[in-house]
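# Breakdown of the fold
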Amino acid sequence: MAETHSLQDLQQPAVSSKVFVQRDYSSGTICKFQTKFPSELESRLDKQQFEETIQTLNNLYAEAEKLGGKSYLEGFLACMTAYTIFLCMETHYEKVLKKIARFIKDQNEKIYAPRGLLLTDPIERGLRVVEITIFEDRSIGSGR
Amino acid sequence: MHLGESMRECEYSQISTRSSTPMETPYKKRTPKRRKWEAFPGRNKFYCDGRIMMAKQTGVFYLTLVLILVTCGLFFVFDCPFLALQLTPIIPVVGGALFLFVLGTLLRTSFSDPGVLPRATPDEAADLERQIDVANGSTGYRPPPRTKEVVINGQTVKLKYCFTCKIFRPPRASHCSLCDNCVERFDHHCPWVGNCVGRRNYRFFYMFILSLSFLTIFIFAFVITHIILLSHQSGFLNALKYSPASVLEVVVCFFSVWSIVGLSGFHTYLIGSNQTTNEDIKGSWSSKRGKDNYNPYSYGNMFTNCCAALCGPLPPSLIDRRGFVESDAPQLAQPTNGMTMYGATQSQQSHMAATTPLPSS
């Protein structure tokens, strides 16, 4: 890329590659991501850190889709009110999605951004993948 | 330090690294912001600025609406006054409630997103293509149908690759050729409601046909009652002359009852066994296919299956119709050296190996 040296220090770090963590369907249709550590991240991130992030995400999605007394009550109430109740109340799933968004932002700030990585919220990719963007590591280069 | 020197040389202001959008260009965007529904790749129609989503062909839906409105309208205008006076005013009240419920569930089924899966982003598609090429061994011309096998609850399920959406379809998803979308837990495309029936609107569809069954039987029964009561007063032929609307209602209800009640019964069976129409027609979990063939998604008992289908959590729409179309996301930089590609290929091979079980096992 034809860029001046001075510009390189200040512009957005270029995207080096993207890693896609696919869905794990072994437990059925529930939203669950594979915890297998992608090898592209080996130089940037701890395997344990990655697995912890994905496992927490999986637990949060499981909480959103859980069948239990609370979700049945919500469903039943919604049916009785001809589903108009959702005009003023958000569903349990939506509440958990907000929690997940906060979790991802938190993880990005604390763990991923300092390592030149960026987690994309799976909801922005239709819950198909967890997209991890790897940025070119310029911080080490500028010292030389 | 280095940064400070650079800033003195050329007066660029620091750009926030927190946003994921690319470097902001000095010129203003020429095009106004579009909502995502305007750029939606499927064959759907949107109304109310993306709030309402339907299939392309909606003619039959309007027919359904007209049939329901006209029949109920005639019932309330011509039969209810007589019945309320002769029998009880509860009849029009119950009829009214049923009618509103039917209408509500119909509109909810027709207007909501059935569970459309958004198509893969170019980066995702490229990544998947690379993985598949590595697994198949690169051949030029016509790639063979791509499938991935996964074991769910002891049953081997084949996940198919969708060439249109460029994704591996989740289990139970199917591509609707009429709407040109992959839909989660695809049941069928219903022209009567003018939409696909999938994960997000199946319960509304079921409630619609169930309440419509009750409404149809209700109207049929009370119109017959009306005619019988009138016949006692002034003879059968005079009764028909006094209330010609009743004849039309009886005809419509008679033909509807068989189909609607039959459909309700069929869907009750499907819900109880946690199957989709698609699976039932294909006989995916039929015992005829093999002794060990069973439905891996069933919860074991009918009650739990029903609760799960009707009262389970309602997943949100994945397509974000009313969001704004962002400018192009940062594309992958071209690999500058052979090392990146080699590393990527290796990980994909191991990745594919993990997901596709060896045939010998």
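The residue numbers shown here count from 1 along each chain, following its written sequence. Both sets of labels track the order of writing: A upward for chains, 1 upward for ligands. Two thresholds apply to this predicted model, a pLDDT of at least 70 for residue-level local features and 80 or more for giving and counting side-chain atom pairs, whereas whole-chain, interface and lining totals are computed over all residues. Hydrogens and water are ignored here; the side-chain numbers use all heavy atoms of the structure.

## What to know about the pairing of strand β5 (residues 155–162) of chain B
Residue and element names in this part refer to chain B. A pair of strands is treated as paired once DSSP finds two or more bridges between them. Only runs of H or I of at least four residues qualify as helices and only runs of E of at least two qualify as strands under DSSP, and these elements are numbered from the N terminus. The pairing of strand β4 (residues 147–152) with β5 spans six bridges and is antiparallel. Bridge pairing links Lys-148 to Leu-159 in β5. As consecutive antiparallel partners, β4 and β5 are separated by two residues, and within that stretch Asn-153 has a phi angle of approximately 50°, a positive value. Here β5 runs beside strand β6 (residues 167–168); their pairing, made up of two bridges, is antiparallel. By the bridge assignment for β6, Cys-162 is matched with Ile-167. Linkage of β5 to β6, two consecutive antiparallel strands, is achieved through a turn of four residues, within which Lys-166 is found at a positive phi near 60°.

## Some details on unusual backbone geometry
Its identity is not glycine, yet A:Leu127 carries a phi of approximately 55°, on the positive side. Within the secondary structure layout, A:Leu127 lies in the loop between β2 (117–120) and β3 (129–135).

## Points about the layout of surface pockets
Cavities and pockets were defined on a 1 Å grid built from protein atoms only: a cavity is a group of points that admits a 1.4 Å probe but offers it no way out, a pocket is an open group of points flanked by protein on both sides within 12 Å along at least five of seven lines, and a lining residue is one with an atom within 4 Å of any such point. Grid points are joined across faces, edges and corners, and a volume is the space filled by probe spheres set on the points. For the second largest pocket, the calculated volume is near 950 Å³. Taken together, 32 residues line the second largest pocket, and the ones lying closest to its centre are A:Glu94, B:Arg108, B:Arg200, B:Ser317 and B:Arg321. Residue assignment for the lining of the second largest pocket shows that the elements contributing at least two residues are α4 (92–112) of chain A together with α3 (90–111) of chain B. Residues are grouped as follows: Ala, Val, Leu, Ile, Met, Phe, Trp, Tyr, Cys and Pro are nonpolar; Asp, Glu, Lys and Arg are charged; all remaining types, including Gly, are polar. In the lining of the second largest pocket, the residues fall into 15 nonpolar, six polar and 11 charged.

## A word on the sheet that holds strand β8 (residues 181–183) of chain B
Two pairing modes exist for strands in a sheet, parallel and antiparallel, and in both the strands are linked by backbone hydrogen bonds. Residues and elements named next belong to chain B. Taken in spatial order, the three strands make up an open sheet running β3-β8-β7, and their pairing is antiparallel. The strands lining the two open edges of the sheet, one partner per strand, are β3 (116–117) and β7 (174–176). With three bridges joining them, β7 and β8 adopt antiparallel strand pairing. When the bridges of β8 are listed, Cys-176 appears paired with Asn-181.

## Thoughts on the UniProt feature "domain: Palmitoyltransferase DHHC" (unreviewed entry) in chain B
UniProt positions are given in the numbering used here, feature names are shortened, and annotations may be inferred rather than shown by experiment. When the UniProt feature table is mapped onto this chain, "domain: Palmitoyltransferase DHHC" (unreviewed entry) is found at residues 158–282 of chain B. Taken end to end, residues 158–282 of chain B comprises 60% helix and 15% strand; its first and last C-alpha atoms sit 14 Å apart.

## What about the UniProt feature "transmembrane region" (unreviewed entry) in chain B?
Residues and elements named next belong to chain B. Per the UniProt record, the feature "transmembrane region" (unreviewed entry) sits at residues 60–78, 90–107, 204–228 and 248–272. Taken end to end, residues 90–107 is 100% helix and 0% strand, and its two terminal C-alpha atoms sit 26 Å from one another. Helix makes up 100% of residues 248–272 and strand makes up 0%, while its end C-alpha atoms are separated by 35 Å.

## Regarding helix α9 (residues 302–311) of chain B
Summary of the burial criterion: residues with accessible area below 20% of their type's maximum are buried, those above 50% are exposed, and those between are partly exposed, where the area comes from a 1.4 Å probe applied to protein chains only. Among the residues of α9(B), B:Asn305, B:Cys307, B:Ala308, B:Ala309, B:Leu310 and B:Cys311 are the ones counted as buried. Note on definitions: a residue-residue contact is assigned when non-hydrogen atoms from the two residues lie within 4.5 Å. Considering only its buried residues, α9(B) is in contact with α3 (69–80) of chain A together with α5 (202–234) and α7 (244–272) of chain B.

## What to know about the environment of B:Pro170
All names here are of chain B. The topology assignment puts Pro-170 in the loop between β6 and β7. By relative accessible area, Pro-170 is classed as buried at 10%. It is 37 Å that separates the C-alpha atoms of Pro-170 and Leu-215, two residues lying 45 residues apart in sequence.

## Let's talk about the packing of aromatic side chains
All names here are of chain B. Working definition: rings of Phe, Tyr and Trp (its six-membered ring) pair if their centres are within 6.5 Å, and the pair is stacked with planes under 30 degrees apart, edge-to-face with planes over 60 apart, and tilted otherwise. Per the counting criterion, the structure on display carries 16 aromatic pairs over all chains. Their ring planes at 80° and their centres at 5.4 Å tell us that Phe-40 and Phe-46 sit as a pair that is edge-to-face. A single burial state applies to Phe-40 and to Phe-46, both of which are buried. Among the aromatic residues, those joined into a ring-pair cluster are Phe-75, Phe-76, Phe-99, Phe-218 and Phe-222. One cation-aromatic arrangement involves Lys-148 over Phe-168; the distance from NZ or CZ to the ring centre is 4.6 Å. Charge over a ring is defined by NZ of Lys or CZ of Arg lying within 6 Å of the ring centre and within 35 degrees of the ring normal.

## Brief notes about the packing of α5(B) against α9(B)
All names here are of chain B. Axis definition: a line fitted to C-alpha atoms, limited for helices to the stretch in contact. Angles are taken between N-to-C directions and run from 0 to 180 degrees. α9 packs onto α5 with a crossing angle of 105° between their chain directions and a minimal axis gap of 8 Å. When the interaxial angle is binned, α5 and α9 end up roughly perpendicular. Here Arg-203, Tyr-206 and Met-207 of α5 lie close against α9, whose contacting residues are Ala-309, Leu-310 and Cys-311. Here the contact of α5 with α9 is composed, by residue class, of five nonpolar, no polar and one charged. Between 65 and 115 degrees an angle is taken as roughly perpendicular, under 35 as roughly parallel, over 145 as roughly antiparallel, and anywhere else as oblique.

## Regarding a nonpolar patch on the surface
Residues enter patches when they are more than 30% accessible in relative terms and free of salt bridges; like-charged ones are connected within 9 Å and nonpolar ones (Val, Leu, Ile, Met, Phe, Trp, Tyr) within 5 Å. Per-residue accessibility takes into account occlusion by the displayed protein chains alone, with areas from the Shrake-Rupley method and a 1.4 Å probe. Salt bridge, as applied in this entry: a Lys or Arg side-chain nitrogen positioned within 4 Å of an Asp or Glu carboxyl oxygen. Taken together, the side chains of B:Val247, B:Val251, B:Phe254, B:Phe255 and B:Trp258 present a nonpolar region at the surface, about 540 Å² in accessible area. Of note, B:Val247 is situated in helix α7.

## Notes on the domain arrangement of chain B
Residue and element names in this part refer to chain B. The split into domains, and so the bounds of each, comes from an automatic or database assignment of domains. Structurally, chain B comprises domain 1 (36–117 + 181–311) and domain 2 (118–133 + 144–169). For domain 1 and domain 2, the distance between their C-alpha centroids amounts to 35 Å. Domain 1 puts 11 residues into the contact, and the matching count from domain 2 is 11 residues. Here the buried area means the combined drop in accessible surface, using a 1.4 Å probe, for two parts upon being joined, counting both sides. Summing both sides of the interface, domain 1 and domain 2 together bury roughly 950 Å²; the carbon and sulfur share of this comes to 59%. Linking domain 1 with domain 2 are zero salt bridges. Polar contacts here mean pairs of N or O atoms no more than 3.5 Å apart (in protein, one a potential hydrogen donor and the other a potential acceptor; neighbouring residues in sequence count only if both atoms are side-chain atoms). Scanning the region where domain 1 abuts domain 2 turns up four residue pairs in polar contact (both at pLDDT 80 or more). Across the side of domain 1 that touches domain 2, the residue classes break down as eight nonpolar, two polar and one charged.

## Topic: the confidence of the model for chain B
Residue and element names in this part refer to chain B. The predictor attaches a confidence to each residue, called pLDDT, with possible values from 0 through 100. Chain-level pLDDT for chain B is 81 on average; 79% of the residues reach the 70-or-more range. Note that pLDDT drops below 50 for residues 1–7; the model gives that stretch eight contacts with residues more than four away or on any other chain. Across residues 333–361, confidence stays below pLDDT 50; counting only partners more than four residues off in sequence or on other chains, it has 28 contacts. Two summary scores accompany this predicted model of the complex, namely pTM at 0.81 and ipTM at 0.83.

## Things to note about empty space enclosed by the protein
Inspection of every chain in the model, using the stated rule, returns four cavities of 30 Å³ or more. In this structure, the second largest cavity occupies an estimated 80 Å³ of space. Surrounding the second largest cavity, 14 residues form its lining, A:Arg23, A:Gly126, A:Leu127, B:Glu184 and B:Leu318 being those nearest its centre. In the lining of the second largest cavity, the residues fall into seven nonpolar, two polar and five charged.

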